[in-house]
Amino acid sequence: MTVVFDALLALALLATAWRVVATRRLFEAIVLFVAFGLLMALCWMRLAAPDVALAEAAIGAGLTGALLMAALARLSDHEARSRGERP
């Protein structure tokens, strides 16, 4: 049973990584990046490394995802101002 779960987890990681790289929409890429970080944290837990899993979830998914979302919001504001629109 655990082999099946590990195989599905590996496939989910690969599919998520491919979607992050292949998508053209920034918001979708950020959401997929956060999902990838959470899947990686789950992988680290399966490898019995809870300290690395917590760091991955906090930094890789949480903090980096929040910074990318903030950058996307600022980019959207900047693009709206350059077109003369209100943000």
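Anything mentioned here points back to the structure above.
Cut-offs applied
Residues numbered from 1 in each chain as written. Predicted model: local features only at pLDDT ≥ 70, side-chain atom pairs only at ≥ 80, totals over all residues. Heavy atoms only, no water. Helix = DSSP H or I, 4+ residues; strand = E, 2+ residues; numbered from the N terminus. Rg over C-alpha atoms; globule rule 2.2 N^0.38 Å. Buried < 20%, exposed > 50% of the residue type's maximum accessible area, 1.4 Å probe, protein only. Contact = heavy atoms within 4.5 Å. Areas by Shrake-Rupley, 256 points an atom, 1.4 Å probe, with all protein chains shown as cover. Salt bridge = Lys/Arg side-chain N within 4 Å of Asp/Glu carboxyl O. Polar contact = N/O pair within 3.5 Å; in protein donor to acceptor, adjacent residues only side chain to side chain.

1. Some thoughts on the overall build of the protein
Stage number 1. From N to C terminus, the protein includes three helices and zero strands.
Stage number 2. Listing every helix and strand of the protein by position from the N terminus yields α-α-α.
Stage number 3. Its C-alpha radius of gyration of 16 Å places the protein more than 25% over the 12 Å reference for a compact globule of 87 residues.
Stage number 4. Dimensions of the protein, computed from the C-alpha atoms along their principal axes, are close to 55 × 25 × 15 Å.
Stage number 5. By the burial criterion, 22% of the 87 residues in the protein qualify as buried.
Stage number 6. Sequence-distant contacts, at least 24 apart, represent 52% of the contacts inside the protein between residues at least 6 apart.
Stage number 7. Surface exposure of the protein reaches about 6400 Å², of which carbon and sulfur atoms provide 71%.

2. So, the pattern of salt bridges
Any two side chains of opposite charge can pair, given that their charged atoms come close.
Stage number 1. In total, this model carries three salt bridges according to the counting rule given.
Stage number 2. Its salt-bridge partner being E28, residue R25 comes within 2.4 Å of it at the nearest N-O pair.
Stage number 3. The class of E28 is buried, set by a relative accessible area of 16%.
Stage number 4. Connected via shared salt-bridge partners are R19, R25 and E28.

3. Examining the environment of L9
Stage number 1. Within the secondary structure layout, L9 lies in helix α1 (residues 2-22).
Stage number 2. Residue L9 is classed as buried on the basis of its relative accessible area, which comes to 6%.
Stage number 3. Sequence separation of L9 and L39 is 30 residues, and the distance between their C-alpha atoms is 7.5 Å.
Stage number 4. Non-local contacts of L9, meaning those with residues more than four positions away in its chain, are made with L39, L42, C43 and R46.

4. Digging into the side chain of E28
Stage number 1. As for its position among the elements, E28 is in helix α2 (residues 26-46).
Stage number 2. A polar contact of 2.4 Å, which involves the side chain of E28, links it to the side chain of R25.
Stage number 3. Ignoring sequence-local partners within four residues, the contact set of E28 consists of R19 and T23.

The quantities given are spatial measurements derived from coordinates; they are silent on function.
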